[in-house]
Amino acid sequence: MRTIAELEAIARERLDPAHYDYYAGGAGEEATLRANEREFHDRVLVPRVLRAVGKHELAVEIAGSPLSMPILVCPTAFHRLAHPDGELATARATAEAGTVFVCSMASTTAVEDVAKVADVLWFQLYFQSDRKFTEAVLNRAENAGARALVVTVDSAVRGRREREYRNAFHDLPPGLAAENMRDETGRVRDIEMPADLTWEDLDWLREVTNMPMFLKGVVHPEDARRAVAAGIDGIFVSNHGGRQLDGEISSLAALPEIASIVDGRVPLILDGGVRSGADVVKALALGADAVGVGRPVLWGLAAAGQEGVAEVLERLREETDTALALCGARNPGELTADLVR
Ligand SMILES: Cc1cc2nc3c(=O)[nH]c(=O)nc-3n(C[C@H](O)[C@H](O)[C@H](O)COP(=O)(O)O)c2cc1C
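Residues numbered from 1 in each chain as written. Predicted model: local features only at pLDDT ≥ 70, side-chain atom pairs only at ≥ 80, totals over all residues. Heavy atoms only, no water.

Where we set the bar: UniProt positions are given in the numbering used here, feature names are shortened, and annotations may be inferred rather than shown by experiment.
An unreviewed UniProt entry lists the protein under the name Alpha-hydroxy acid oxidase, from Amycolatopsis silviterrae. Its UniProt record gives the protein a comment under Cofactor (unreviewed entry), which states: "FMN". Listed in UniProt under the heading Sequence similarities (unreviewed entry), the comment for the protein reads: "Belongs to the FMN-dependent alpha-hydroxy acid dehydrogenase family."

1. Considering the site of the ligand
Heads up, the condition is: Working definition: residue near molecule or strand if any one of its non-hydrogen atoms lies within 4 Å of it. N or O atoms closer than or at 3.5 Å make up a polar contact, with two conditions inside protein: a donor-capable atom paired with an acceptor-capable one, and, for residues adjacent in sequence, both atoms drawn from side chains. Accessible areas in this description were obtained via Shrake-Rupley with a 1.4 Å probe; residue shielding takes into account the shown protein chains only. A run of H or I in DSSP becomes a helix once it reaches four residues, and a run of E becomes a strand once it reaches two; helices and strands are each numbered from the N terminus. Any residue that is not Ala, Val, Leu, Ile, Met, Phe, Trp, Tyr, Cys, Pro, Asp, Glu, Lys or Arg is counted as polar, Gly included; the first ten are nonpolar and the last four charged.
Close contacts around the ligand come from 23 residues, with Pro75, Ser104, Thr152, Asp271 and Arg275 the closest. One of the side-chain N or O atoms of aspartate 271 is found 2.8 Å from an oxygen atom in the ligand. Take arginine 295: an N or O atom from its side chain is 2.9 Å from an oxygen atom of the ligand. When the ligand sits alone it has 600 Å² of accessible area, and the protein chains cover 98% of it. Looking at the shell around the ligand, the elements that each hand over two or more residues are α2 (17–24) and α12 (295–326). Grouping the constituent residues of the shell around the ligand by class yields 8 nonpolar, 10 polar and 5 charged.

2. Focus on the packing of aromatic side chains
Think of a pair of aromatic rings as described by two things: how far the centres are apart, and how the planes are tilted against each other in angle. In plain terms, the rule: Centres within 6.5 Å are what make two rings of Phe, Tyr or Trp a pair, Trp counting through its six-membered ring; a difference in plane orientation under 30 degrees is then read as stacked, over 60 as edge-to-face, and the rest as tilted. Burial classification: accessible surface area is computed with a 1.4 Å probe over protein chains only, and a residue below 20% of its type maximum counts as buried, one above 50% as exposed, and the rest as partly exposed.
Tallying each qualifying case throughout the model produces 8 aromatic pairs. Geometrically, the ring pair formed by tyrosine 20 and tryptophan 299 is stacked, given 5.2 Å between the ring centres and 25 degrees between the ring planes. One end of the pair, tyrosine 20, is in helix α2; the other, tryptophan 299, is in helix α12, and 279 residues separate them in sequence. Judged by its relative accessible area of 6%, tyrosine 20 is buried. With 5.0 Å between their ring centres and 50 degrees between their planes, tyrosine 22 and phenylalanine 169 make a pair best called tilted. With tyrosine 22 in helix α2 and phenylalanine 169 in the loop between α7 (162–166) and α8 (199–208), the pair connects residues that are 147 residues apart, well separated along the chain. For the residue pair tyrosine 22 and phenylalanine 169, the accessibility class agrees, reading buried in each case.

Written out as structure tokens, the structure reads:
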């Protein structure tokens, strides 16, 4: 089984350099992008011993969805830039791994088609000012079988990604489109960043969908407090993989304070910089109920399609399984903050 770094190297060779940069890059000087990974390296595990971990397990349940391991696939745009099978390949490998695939609003495969091959499917939304259109997209996702809604709230405007300017990467190649953005006439709309989105709009969203609702992109503890008060069903502690606000706190650094405020009332998912099983264990110990992975999945997809994604997920599963047991835990719930320094 290849490492994630090896798969990234293959992906880099295979991809058009502008597309590689689109996946790999972050906002500004990419300080937050780097900080996401560095924060994991800067913290070490202090394992416990003699704890009879012969029988241990990784499965968790998040907002009614079963996950065979505390790792899910984050929403990322445009999988067909990575591989012709695109989101279908990713969703198949994720289903095989028994975990959640979060379909992006910017998917190059329609959510209905993704749902046919996915096992546990969630849907990510960029709220559109045309509420009728937003409601229609949510209905499409819910009717297709999506079990949760992930509302991205860290993208009031698009982050400035220098690599995209440098490469003049603005449009998808001919034949590819953001298939969830088709309106009733069949025209594909541009995705609007939700600049005017407020807490009141979230109330409206809750009225028009029955799916449990997650907020994605919360790092300020007061926003986490408010989300719980507003009846939100879960939070992604995330800075969008360093692609939005450069100079923003790394997601792992933001986690402990949020975990302390939320105090188990809603599930927390951490994403950004998770590259190994030890990373997964550190995030769980510091208060996450599960982690999300973005780029590693894209590297697997670009390197080897469905097989490559399966490789990434199985490697993370095996590493997490080993790290959990070596920390003296029998399940993710037994990982506690004292195991991390
Ligand atoms: C190429 C790319 C596209 C992304 N597209 C979306 C998206 O459409 N919607 C969204 O909410 N987040 C999107 N994200 C952010 C991811 O969901 C996630 O927060 C991030 O990738 C996690 O960091 P990691 O890549 O270090 O694992 C994207 C990330 C990347 C790398």
